[in-house]
Amino acid sequence: MADIVYADNSATTKPLNVTLDPNCWANPSSAHSLGRVSKAYLEEARARIARALGAECKDTIFFTASGTESSNLVLRSCMWDVIVSSALEHDATRKYLLGAQQQQIILLPNDEHGKVQLPKTLPPPRRAAGHTLRVLVSLIWANNEIGTIQDTKTLTAIRQCVEKWAGVPCFVHLDGVQTPGHMPISLRNGPADFVSLSAHKFHGPRGVGILYSRDRATTLSLQPLMHGGGQEHGVRPGTESVEHIVHAAHVLEFVQDGGLPARCAHMQRLRDIVHEGLLPFCRQGVVLLTGHPRDRLCHHLSFCVRHAQRKALLDLIDQNRICVSGSSACSTVQAMASHVLTAIGVPTEFIHGSVRVSFSILTTEQEMFHVRDTLVRILKEHQKKIAVRPTQ
């Protein structure tokens, strides 16, 4: 076993090695021979990614620098009148919604497991005379903090509900950053018009974001966020990093290939090892598991520790040479309670003690036995402390 156990794969993954042609470094917009070579590699990568995601054709794939940029491209570039979302979103979506001034923002209800639900009622849509409403439903497909997956049936029902309410067809955007390598994906059969992805979450390189757009008509609704050249069909200016995109395409093909069920089963076994170690503490009221018990990412386990402070808890785990995070890597250094945990109703005595353990295809059972034993030891010590905690 390595000196350090890495169990923070929802934050980022170790890139898999891929052998690349050394001639794919040139600017793909250049007209010379090396530019044409890079352009050919770029378009081949686009086609590979489309096939791996079950998309109709390569023209529906656009490259950005991150999942955050892909989501913002959808949220910001179109003149949406109404955005329907939830209180469970990644900050890439949530912070845009918090600052939105012109749009009508509607948040759908959710249950205690982080499943978005159909609303019983919706407020009247704000309509301008003579103007056709432009409506976007934007939801996180698999939650980065608690691992809950929104199922296709519910997403389709939400779309139908919103379209009936608005009286016009709507667009659906899914933040799918956590999904590749952890669940089957077939975008041509799904309810989404847009899907945001990020290569570093599925063992690809950092700096490669992916945006799926269902068809050319859907793409025409996108406007670039920046001024520049005409790259990516004019949707995202800036010279593409071809070698990184090619790397991402090869890895995505691998993680979504026919071996996916076996790899998911392996990661679920790893999760079960740690989960079984936590169960006695759950029964004693020391630990609270978060997220859906079944409809969740195979590589993800999240829980909260009663009367614990997240930073102190994570520091203690880190001192044992185990890398995990709080509710998300982005919020680990913040003292405030997670908005996701707040939205699912985690009690006050648990909400500041959140821990997220996430595995990968590179994680071994031996490593997870070590994580389990370490967590059990830490929780036993914590249990002794709170047993003698003075009554408030």
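Scroll up a little and you will see the structure.
Every value quoted in this text rests on a predicted model; they were computed, and no experiment measured them.

Caption draft 1: Inspection of the overall build of the protein at higher detail. In terms of regular secondary structure, the protein is built from 11 helices and 12 strands. The globule rule puts the C-alpha radius of gyration for 392 residues at 21 Å, and the 22 Å found for the protein is close to it. With the C-alpha coordinates aligned to their principal axes, the bounding extent of the protein is approximately 70 × 55 × 35 Å. With 392 residues in all, the protein has 54% of them scored as buried. For the protein, the computed accessible surface area is about 17400 Å², with 54% contributed by carbon and sulfur atoms. Across the protein, the mean location of the 41 positive side-chain charges is 4 Å away from that of the 34 negative side-chain charges.

Caption draft 2: Inspection of the side chain of K115 at higher detail. The residue K115 is located in the loop between β4 (104–108) and β5 (135–140) in this model. Side-chain polar atoms of K115 contact the backbone oxygen of I149, separated by 2.8 Å. At 3.1 Å, the side chain of K115 forms a polar contact with the side chain of D151. In this view, K115 contacts P109, N110, T148, I149, Q150, D151, H292 and D295; residues no more than four positions away in its chain are not counted.

Caption draft 3: Examining the sheet that holds strand β12 (residues 354–358) more closely. Strand order in the open sheet made by the three strands is β9-β10-β12, with antiparallel pairing throughout. The open sheet terminates on both sides in strands that have one partner only, identified here as β9 (287–290) and β12. Here the strands of the sheet are splayed against their neighbours by 25° on average, with no regard to which way each runs. Relative to strand β10 (residues 300–305), β9 is paired through four bridges, and the arrangement is antiparallel. Each bridged residue has a counterpart across the sheet, and for L288 the counterpart in β10 is C304. Contacts between helix α7 (residues 260–283) and the sheet are confined to β9 and β10, with β10 contributing the most and set at about 20° to the helix. The strands touched by helix α8 (residues 310–319) are β10 and β12; relative to β12, the strand with the most contacts, the crossing angle is about 40°.

Caption draft 4: Focus on the pairing of β5. Here β5 lies mainly inside the structure; six of its six residues are buried. Burial of β5 is two-sided: the residues V135, V137 and L139 facing one way and the residues L136, S138 and I140 facing the other way are all buried. With three bridges joining them, strand β3 (residues 82–86) and β5 adopt parallel strand pairing. Opposite V84, over in β5, you have V137 as the bridge partner. Here five bridges tie β5 to strand β6 (residues 171–175), and the two strands are oriented parallel to one another. Bridge pairing in β6 links L136 to F171. After leaving β5, the chain enters helix α4 (residues 152–166) and then returns to the sheet as β6, a path that is right-handed.

Thresholds, definitions, all that
- Residues numbered from 1 in each chain as written.
- Predicted model: local features only at pLDDT ≥ 70, side-chain atom pairs only at ≥ 80, totals over all residues.
- Heavy atoms only, no water.
- Helix = DSSP H or I, 4+ residues; strand = E, 2+ residues; numbered from the N terminus.
- Rg over C-alpha atoms; globule rule 2.2 N^0.38 Å.
- Buried < 20%, exposed > 50% of the residue type's maximum accessible area, 1.4 Å probe, protein only.
- Areas by Shrake-Rupley, 256 points an atom, 1.4 Å probe, with all protein chains shown as cover.
- Lys, Arg positive; Asp, Glu negative; His and termini not counted.
- Charge placed at Lys NZ, Arg CZ, Asp CG, Glu CD.
- Polar contact = N/O pair within 3.5 Å; in protein donor to acceptor, adjacent residues only side chain to side chain.
- Contact = heavy atoms within 4.5 Å.
- Pairing = 2+ DSSP bridges.
- Axes fitted to C-alpha atoms, helices over the stretch in contact; angles between N-to-C directions.
- Right-handed = clockwise from strand over helix to strand, strands pointing away.

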